[in-house]
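Residue-level structure breakdown
Now for the letters of each chain:
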Amino acid sequence: MTDAGTNTARHTRRKVVTDLVVTAVLLLPLVIMLWYGATDALQHKSATDWQANHETKRALRRSALLITGLPVAGAVCGWTVATLRDRPTGLPAARGALAGAVTLWASGIVLVLTAFHGLTGR
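Anyway, here's the lowdown on the structure attached to this text. Note that the coordinates shown come from a computational prediction; the quantities given were computed from them, not determined experimentally.

Conventions adopted
- Residues numbered from 1 in each chain as written.
- Predicted model: local features only at pLDDT ≥ 70, side-chain atom pairs only at ≥ 80, totals over all residues.
- Heavy atoms only, no water.
- Helix = DSSP H or I, 4+ residues; strand = E, 2+ residues; numbered from the N terminus.
- Rg over C-alpha atoms; globule rule 2.2 N^0.38 Å.
- Buried < 20%, exposed > 50% of the residue type's maximum accessible area, 1.4 Å probe, protein only.
- Contact = heavy atoms within 4.5 Å.
- Areas by Shrake-Rupley, 256 points an atom, 1.4 Å probe, with all protein chains shown as cover.
- Expected span 1.5 Å × (residues − 1).
- Bend = angle between axes of the 7 residues up to and from the residue.

Attention now moves to the overall build of the protein chain. A tally of helices and strands in the protein chain yields three helices and zero strands. Along the protein chain, helices (α) and strands (β) appear in the sequence α-α-α when read from the amino end. Against the globule reference of 14 Å for 122 residues, the protein chain gives a C-alpha radius of gyration of 20 Å, more extended than a compact globule. With the C-alpha coordinates of the protein chain rotated into their principal frame, the extents come out at 70 × 40 × 30 Å. Classification of the 122 residues of the protein chain by burial places 16% in the buried group. Partitioning the contacts of the protein chain with sequence separation of at least 6, the portion at a separation of at least 24 is 67%. For the protein chain, the exposed area adds up to about 9,200 Å²; of that, 69% sits on carbon and sulfur atoms.

Written out as C-alpha cells, the structure is:
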C-alpha cells in the first residue's frame, strides 16, 4: 500500500517532467531555426562588407539570448517565488520555464502578425 505523501510526490515529479518536456518541444523549432540562420549566415559571409557581417552576428546573438533567456528567466522567477514562500521549488521552476517558452512563442506570433499587418497596409 502506498501512502498519500509518496503518491503526491510521484504526481508532482510527473508534472515537473511533463512541463520540462513541453518546454523542450516548444523551444526545439526555435533552436533549429536559429541553427539554420547561423549556418546560412556563415555560408553567405561577405569578404568586403564587414558592417553587414557584424550586424548579422549581433542579430544572431540577440536571438540566441532571447531563446535561452526567457525560459531561464521564467524558471528563476518560479524558483524565487517558491523559495520565498517556503515551498518546494521544482514545479514552480518548471512552470516558469514553460511560461517563458509560451511567452516567447506568443511574442513571436504577435510580431509576425504585426509585420504582415504593416505589409498589407490595413
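There is more to say after this.
Taking 1.5 Å as the rise per residue, helix H2 (residues 50-84) with 35 residues should run 51 Å; its terminal C-alpha atoms sit 48 Å apart, in good agreement. Along its length, H2 shows its largest kink, about 30°, at Gly-69, and proline Pro-71 lies within four residues downstream of that point. Among the residues making up H2, those that are buried are Ile-67, Pro-71, Gly-74, Gly-78 and Ala-82. Residue Asp-86 follows H2 closely and has a positive phi angle near 60°.

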